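Topology and contacts: notes
Listed below, chain by chain, are the residues.
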Amino acid sequence: KVLVVRGAYHGAAPWCTPTMFGVTEADRANLAYFTYNSIADFDAAVAAAEEHFGKLDVMYNNAGISMADDDGPTNTPREVWERTLQVNVIGVAECCSAGIPALQRAGGGSIVNVASFVAHLGAATPQIAYTASKGAVLSMTREIATVYARENIRANALCPGPIMTPLLAKFL
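Here we summarise the structure given alongside this text. As the structure is a computational prediction, the values presented were derived from the model and not from experiment. (Residues numbered from 1 in each chain as written. Predicted model: local features only at pLDDT ≥ 70, side-chain atom pairs only at ≥ 80, totals over all residues. Heavy atoms only, no water.)

Another point: the side chain of Ser116. Secondary-structure assignment places Ser116 in the loop between β4 (109-114) and α4 (118-121). Not counting residues within four places of it along the chain, the set of residues in contact with Ser116 comprises Tyr130, Lys134, Leu158, Cys159 and Pro160. (Helix = DSSP H or I, 4+ residues; strand = E, 2+ residues; numbered from the N terminus. Contact = heavy atoms within 4.5 Å.)

Now the structure itself:
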């Protein structure tokens, strides 16, 4: 069974909802939507998963915003940098921080962090803060994979390419 709890981090992406794979309707009824405002909220989400399912096997961390004023390196405002890094990097780091101890208690498991193809290639349109943030997620995931491999914890980053979503449509 896999529990994926995706939610708003400091108000970002409020449309995200919990998603479960391989669980019953009764399981779904026992889960709540989490709005993440602090590490305590991540800890609570992990504790709820462990309490309901007995252990945590997989963490799927999908945090991402791309702000309208995210542009090139010379004209992206500092506030855009800070907000983007807070959500896209620190949000994923705090998910990992809360979830890794649960994976250790379970004897291992898997972490899947969502980065982006721009972490490898850069973006065709200027979005320097987003691109840097997804590069950070990719590097962080590699580090986590190396550090926790001996504990049977795998970490991988997905780097999806462009998918027609409302976020992408605003750039086209």
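All right, on to the nonpolar core then. Note on soluble globular proteins: their nonpolar side chains tend to be buried together. Counting 21 residues, the largest nonpolar core has Leu56, Cys96, Ile111 and Ile144 as the members making the most contacts within it. Ranked by the residues each element gives to this core, the list is headed by helix α3 (residues 78-105), at 7 residues. For Ile144, the contacting residues outside a window of four places in its chain are Cys96, Ile100, Ile111 and Ala155. (Core = buried A, V, L, I, M, F, W, Y, C linked by side-chain atoms within 4.5 Å. Buried < 20%, exposed > 50% of the residue type's maximum accessible area, 1.4 Å probe, protein only.)

Okay, the pattern of salt bridges next. If the charged atoms of two oppositely charged side chains come close together, the side chains can form a pair. What the rule picks out here adds up to 3 salt bridges. Salt-bridge contacts for Glu50 lead to Arg105; the nearest nitrogen and oxygen are separated by 2.8 Å. Pair noted here: Glu50 is in helix α2 (residues 39-53) and Arg105 is in helix α3, with a separation of 55 residues, a long-range link. Using a relative accessible area of 19% as the deciding quantity, one classes Glu50 as buried. In this structure, the salt-bridge partner of Arg78 is Glu82, at a minimum N-O distance of 2.6 Å. Taken together, the residues span about one helical turn, with Arg78 and Glu82 both in helix α3 at a distance of 4 residues. Overall, Arg78 belongs to the exposed group, its relative accessible area being 62%. (Salt bridge = Lys/Arg side-chain N within 4 Å of Asp/Glu carboxyl O.)

Take unusual backbone geometry next. Here Asn152, not a glycine, exhibits a phi torsion of approximately 65°, which is positive. The class for Asn152 is partly exposed, based on a relative accessible area of 45%.

This part is about the pairing of β4. In terms of burial, β4 is a largely internal element, 6 of the 6 residues being buried. Burial along β4 is two-sided: Gly109, Ile111 and Asn113 and Ser110, Val112 and Val114, pointing in opposite directions, are all buried. Sheet analysis places strand β3 (residues 58-61) next to β4, joined by 4 bridges and oriented parallel. Bridged to Val58 within β4 is Ser110. One ladder, built from 6 bridges, connects β4 with strand β5 (residues 153-158); its direction is parallel. (Pairing = 2+ DSSP bridges.)

Moving on, we get to the environment of Gly99. In this structure, Gly99 sits in helix α3. The class for Gly99 is buried, based on a relative accessible area of 0%. Between the C-alpha atoms of Gly99 and Val46, which are 53 residues apart in sequence, the distance is 6.2 Å. Non-local contacts of Gly99, meaning those with residues more than four positions away in its chain, are made with Val46, Leu56 and Met59.

Further remarks concern the sheet that holds β3. Spatial ordering of the open sheet is given by β3-β4-β5, a layout of 3 strands whose pairing is parallel. One side of each edge strand has no neighbouring strand; the edge strands of this open sheet are β3 and β5. The average angle at which neighbouring strand axes cross in this sheet is 10°, direction not considered. Each of β4 and β5 touches helix α5 (residues 128-148); the most contacted strand, β5, lies at about 165° to it. (Axes fitted to C-alpha atoms, helices over the stretch in contact; angles between N-to-C directions.)

In the contact formed by α3 and α5, the axes pass within 9 Å of each other and the chain directions differ by 20°. Relative to α5, the element α3 lies roughly parallel. Remark: the crossing between α3 and α5 carries right-handed chirality. Counted together, Val80, Trp81, Thr84, Leu85, Asn88, Val89, Val92, Ala93, Cys96, Ile100 and Gln104 of α3 and Ile128, Ala129, Tyr130, Ala132, Ser133, Lys134, Ala136, Val137, Met140, Ile144 and Tyr148 of α5 form the full contact between these two elements. (Parallel < 35°, antiparallel > 145°, perpendicular 65-115°, else oblique. Left-handed = near helix turned anticlockwise from the far one by under 90°.)

These results come straight from atomic positions and should not be treated as a statement about function.
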